[in-house]
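Commentary on secondary and tertiary structure
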Amino acid sequence: LEVSIATVGAGALLITPAAFARDRSWFLASIGLGTLPLFAATSPMNVSIFEGVPREHRAFGIAVATLLMHAFGDVPSPVVVGLLKDRWAPDCAPDAHSHLGEACGVGSKQRGHLRGITFGLCLYFLTSLFFFGVSRWRAARRVE
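Attention here is on the structure that accompanies the text. Note that the coordinates shown come from a computational prediction; the quantities given were computed from them, not determined experimentally.

What counts as what
Residues numbered from 1 in each chain as written. Predicted model: local features only at pLDDT ≥ 70, side-chain atom pairs only at ≥ 80, totals over all residues. Heavy atoms only, no water. Helix = DSSP H or I, 4+ residues; strand = E, 2+ residues; numbered from the N terminus. Buried < 20%, exposed > 50% of the residue type's maximum accessible area, 1.4 Å probe, protein only. Contact = heavy atoms within 4.5 Å. Disulfide = S-S within 2.5 Å. Axes fitted to C-alpha atoms, helices over the stretch in contact; angles between N-to-C directions. Parallel < 35°, antiparallel > 145°, perpendicular 65-115°, else oblique. Left-handed = near helix turned anticlockwise from the far one by under 90°. Nonpolar A, V, L, I, M, F, W, Y, C, P; charged D, E, K, R; others polar. Expected span 1.5 Å × (residues − 1). 1 Å grid on protein atoms, 1.4 Å probe; cavity = no way out; pocket = protein on both sides within 12 Å on 5 of 7 lines; lining within 4 Å. Points joined across faces, edges and corners; volume = space filled by probe spheres on them. Polar contact = N/O pair within 3.5 Å; in protein donor to acceptor, adjacent residues only side chain to side chain.

Attention now moves to the side chain of Thr7. In this structure, Thr7 sits in helix H1 (residues 2-15). For Thr7, a relative accessible area of 17% puts it in the buried group. Setting aside residues no more than four positions away along its own chain, Thr7 makes contact with Pro37, Leu38 and Ala41.

Next up, the structure:
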């Protein structure tokens with residue numbers, strides 16, 4: 001559990017600069033470096049599930065955890081982020097050369113909204129740190 005907390009915390013710290021990146025290279029570097037520790041948290045999470053579930057229910061425990069991760073993570077997130085982007089920055093769509101139009105230029109209101117959405121996603125990672133902390137606290141209470 002401590003490894004999961006550390007890797008997700010490192011990922012959140014490394015991915016947050018993407019919200020403030022001024023060019024594509026820094027944005028992609030931050031996203032890439034921040035995503036690596038987030039994916040690395042999967043193994044320690046699986047071990048935590050194995051250790052916290054009786055042997056005869058381990059497969060079911062992993063299945064439920066996987067279902068919940070998808071149900072609250074990668075399934076709804078593209079839809080939610082797309083809706084937020086369409087609502088708050090409808091003119092910020094890249095052209096064929098991946099350049100944003102004038103309506104989304106530096107200092108524009110819509111550009112600020114895009115940064116806010118990206119920063120909000122970074123903060124969302126902190127919810128996993130909260131839940132890991134709660135799990136660690138509960139596990140420590142059971143051991144005592």
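Working definition: the covalent bond between the sulfur atoms of two cysteines is a disulfide. According to the stated counting rule, one finds one disulfide in the structure shown. No disulfide involves Cys122; its sulfur sits 17 Å from the nearest other cysteine sulfur, which is in Cys104.

One way to put it is that helix H5 (residues 77-88) packs onto helix H6 (residues 109-143) with a least axis distance of 9 Å and a crossing angle of 160°. Overall, the two elements H5 and H6 adopt an arrangement that is roughly antiparallel. Here H5 and H6 pass one another in a crossing that is right-handed. Here Val81, Leu84, Lys85 and Trp88 of H5 come into contact with H6, specifically with Gln110, His113, Leu114, Ile117 and Leu121. Its residues assigned to classes, the contact of H5 with H6 comprises six nonpolar, two polar and one charged.

Across its 35 residues, H6 extends 52 Å between first and last C-alpha, which sits within 8% of the 51 Å expected from 1.5 Å per residue. For H6, the complete set of buried residues consists of Gln110, Arg111, Arg115, Ile117, Cys122 and Phe132. Contact partners of the buried residues in H6: H1, helix H3 (42-52) and H5.

By volume, the second largest pocket amounts to about 540 Å³. Around the second largest pocket, the lining is made up of 18 residues, and of these Arg24, Phe27, Leu100, Arg111 and Leu114 lie nearest the centre. Elements with a minimum of two residues in the lining of the second largest pocket: helix H2 (24-40) and H6. Of all the elements, H6 adds the most residues to the lining of the second largest pocket, at four residues. A class-by-class count of the residues in the lining of the second largest pocket yields nine nonpolar, three polar and six charged.

Next up on the list: H2. The terminal C-alpha atoms of H2 lie 24 Å apart, and with 17 residues this matches the ideal 24 Å at 1.5 Å per residue to within 8%. Those residues of H2 that are buried lie in contact with H1, H3 and H6.

Before going further, it helps to examine the environment of Arg115. Structurally, the position occupied by Arg115 is in helix H6. Taking the C-alpha atoms as reference points, Arg115 and Ala18, separated by 97 residues in sequence, lie 8.4 Å from one another. At 2.9 Å, the side chain of Arg115 forms a polar contact with the backbone oxygen of Ala21.

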